[in-house]
Amino acid sequence: MELNLGTKIKITWCPGCPNSQILVAFRRAVTELVSEEKIKIENLVAFAGIGCHGKISDYLNINSFTSLHGRLIPAMTGAKCANPELTIVGFSGDGDSLDEGVEHLIHSAKRNSDINIFIHDNRVFALTTGQADALSPKGFKSKSTPFGSIEEPFNPLLLVLSAGATFVARTYAGDFDGTKRIMQEAVKHKGFSFVDIIQPCLTFFDTRDYFKEKIYWLGEDFPTNDLKVAMEKVQEKNNEKVPLGIFYNIDKPTFEEELYK
Ligand code: SF4
């Protein structure tokens, strides 16, 4: 079947915004997953929250749902409970799911709901024109922190690992193939999948030069079934390196399996 995942809606992200790379990586990931019969396009539903990322559902010709700010995860888990045959993917931002909706993120990880959440991690409230959020680094100067933020940021991967997530990964939007591959592995995983996608905001917090120096991919021999090793590795950025890849991937009964058994 020939898939047309694009729409006629004009893309209004800033020129060069890495959100476009995430969009294209996802379309390619879906096209391949459908052709390999890993998912059915009619069963795929994309959810989005509020933020620059949220426009992505306008640019995808698939079933979609746009939620209130930070509330996409309850809608995702509700849909999955109502119809466990669905493949549920959610696009969210750090402001959307690490500030407004952080309680939903923690509890869905704890439940091991069989849903996939992709965080467009730009470390700033971009849609509202550049305020500090939960992932902004200490010292970050913004409209809301003109003298520099005095708070340390969350480590989102450590947070969801602690809460019980069974698939935890990080990628970089500028690495198109890497992002596509991680998205596919997340969707194939049965259980709660969390993917942190580093997505520099070119307008309000351009971190491209910073990450270009820091990122590297985990080796193929990295053990993805050891929680202690995963927790240590996701904190490696404190040592000025930022590893990308799958940190944790284990099998465990899902919330929906427990619900219907
Ligand atoms: Fe992208 Fe930042 Fe522009 Fe939003 S404000 S569209 S995140 S570059």
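Heads up: the structure comes first, above all this text.
Conventions used here
- Residues numbered from 1 in each chain as written.
- Predicted model: local features only at pLDDT ≥ 70, side-chain atom pairs only at ≥ 80, totals over all residues.
- Heavy atoms only, no water.
- Helix = DSSP H or I, 4+ residues; strand = E, 2+ residues; numbered from the N terminus.
- Rg over C-alpha atoms; globule rule 2.2 N^0.38 Å.
- Contact = heavy atoms within 4.5 Å.
- Lys, Arg positive; Asp, Glu negative; His and termini not counted.
- Charge placed at Lys NZ, Arg CZ, Asp CG, Glu CD.
- Core = buried A, V, L, I, M, F, W, Y, C linked by side-chain atoms within 4.5 Å.
- Buried < 20%, exposed > 50% of the residue type's maximum accessible area, 1.4 Å probe, protein only.
- Expected span 1.5 Å × (residues − 1).
- Near = heavy atom within 4 Å.
- Nonpolar A, V, L, I, M, F, W, Y, C, P; charged D, E, K, R; others polar.
- Phe/Tyr/Trp six-rings, centres within 6.5 Å; stacked < 30°, edge-to-face > 60°.
- Lys NZ or Arg CZ within 6 Å of the ring centre and 35° of its normal.
- Salt bridge = Lys/Arg side-chain N within 4 Å of Asp/Glu carboxyl O.
- Pairing = 2+ DSSP bridges.
- Axes fitted to C-alpha atoms, helices over the stretch in contact; angles between N-to-C directions.
- Polar contact = N/O pair within 3.5 Å; in protein donor to acceptor, adjacent residues only side chain to side chain.
- Parallel < 35°, antiparallel > 145°, perpendicular 65-115°, else oblique.
- Left-handed = near helix turned anticlockwise from the far one by under 90°.

> How would you explain the overall build of the chain if you had to name every residue and give the values?
Along the backbone of the chain there are 9 helices and 8 strands. Computed over the C-alpha atoms, the radius of gyration of the chain is 17 Å, within 12% of the 18 Å expected from 2.2 N^0.38 for a compact globule of 261 residues. Once local pairs closer than 6 in sequence are excluded, the contacts in the chain between residues at least 24 apart make up 72%. The average position of the 29 basic charges and that of the 34 acidic charges among the side chains of the chain differ by 2 Å.

> Describe the nonpolar core, and please don't skip the residues or the numbers.
Generally speaking, a soluble globular protein has its nonpolar side chains buried in company with each other. Membership of the largest hydrophobic core comes to 32 residues, with the highest contact counts inside it found for Phe26, Phe91, Phe118 and Met183. Looking at this core, the elements with two or more residues in it are α1 (19–35), β1 (44–48), β3 (87–93), β5 (167–172), α6 (176–188) and β6 (193–198). For this core, the element with the highest residue contribution is α1, accounting for 8 residues. If near-sequence neighbours (up to four positions away) are discounted, phenylalanine 26 is found in contact with Leu44, Leu60, Ile62, Val89, Phe91, Phe118 and Met183. In this structure, Leu98, Ala109, Leu157 and Ala165 belong to the second largest nonpolar core, which totals 31 residues.

> Can you tell me about α6, naming the residues and giving the values?
Here α6 is 13 residues long and its end C-alpha atoms lie 19 Å apart, about the 18 Å a rise of 1.5 Å per residue gives. Within α6, the full set of buried residues consists of Gly178, Thr179, Lys180, Ile182, Met183, Gln184, Ala186 and Val187.

> Let's hear about the site of the ligand: which residues, and what values?
Surveying the vicinity of the ligand reveals the residues Trp13, Cys14, Cys17, Asn19, Cys52, Asn122, Ala126, Gln199, Cys201, Leu202, Thr203 and Phe204. Residues belonging to the shell around the ligand are distributed by class as follows: 8 nonpolar, 4 polar and no charged.

> Describe the packing of aromatic side chains, naming the residues involved and giving the relevant values.
Under the defined criterion, the tally for this structure stands at 9 aromatic pairs. Between the aromatic rings of tyrosine 172 and phenylalanine 211, the centroid separation amounts to 6.4 Å while the plane-to-plane angle is 45 degrees, which identifies the pairing as tilted. Taken together, the positions of tyrosine 172 in strand β5 and phenylalanine 211 in helix α7 (residues 208–214) put the pair 39 residues apart, joining distant regions of the chain. Taking relative accessible area as the criterion, phenylalanine 211 reaches 2% and is therefore assigned buried. Three or more aromatic residues joined by ring pairs form one cluster here, namely Phe26, Phe91 and Phe118. Lying over the aromatic face of phenylalanine 255, arginine 111 brings its terminal NZ or CZ to 5.8 Å of the ring centre.

> Explain the pattern of salt bridges to me, using residue names and the numbers behind them.
Inspection of the entire model under this criterion finds 12 salt bridges. The partner of lysine 80 in a salt bridge is aspartate 114, and the shortest N-O contact between them spans 3.5 Å. With lysine 80 in helix α2 (residues 72–82) and aspartate 114 in the loop between α4 (102–111) and β4 (116–121), the pair connects residues that are 34 residues apart, well separated along the chain. With respect to burial, lysine 80 and aspartate 114 carry one shared label: buried.

> Could you give me a rundown of the sheet that holds β3, with the residues and numbers involved?
Strand order in this open sheet of 8 strands is β2-β1-β3-β4-β6-β5-β8-β7, and the pairing throughout is mixed. Lying at the two open borders of the sheet, with one neighbouring strand each, are β2 (63–66) and β7 (215–217). In this sheet, adjacent strand axes meet at a mean angle of 20 degrees when their direction is disregarded. The pairing of β3 with β4 spans 5 bridges and is parallel. Its bridge partner lying in β4, serine 92 is registered against isoleucine 119.

> Go over the side chain of asparagine 112 with me, naming the residues and quoting the values.
As for its position among the elements, asparagine 112 is in the loop between α4 and β4. A distance of 2.7 Å separates the side chain of asparagine 112 from the side chain of threonine 166, its partner in a polar contact. Ignoring anything within four residues of it in the chain, the contact list for asparagine 112 reads Thr166, Gly191, Phe192, Lys252, Pro253, Thr254, Phe255 and Glu256.

> How would you explain the environment of valine 160 if you had to name every residue and give the values?
Note on placement: valine 160 falls in helix α5 (residues 156–163). Placed 57 residues apart in sequence, valine 160 and glutamate 103 show a C-alpha to C-alpha distance of 11 Å. In this structure valine 160 touches Leu105, Ala109, Ala165, Val168 and Phe194, once residues within four positions along its chain are discounted.

> I'd love a proper account of the packing of α1 against α6, names of residues and values included.
One way to put it is that α1 packs onto α6 with a least axis distance of 9 Å and a crossing angle of 50 degrees. With respect to α6, the element α1 is oriented oblique. The crossing of α1 and α6 is right-handed. Residues Gln21, Ile22, Val24, Ala25, Phe26, Arg28, Ala29, Glu32 and Leu33 of α1 form the contact with α6, whose participating residues are Phe176, Thr179, Lys180, Met183, Gln184, Val187 and Lys188.

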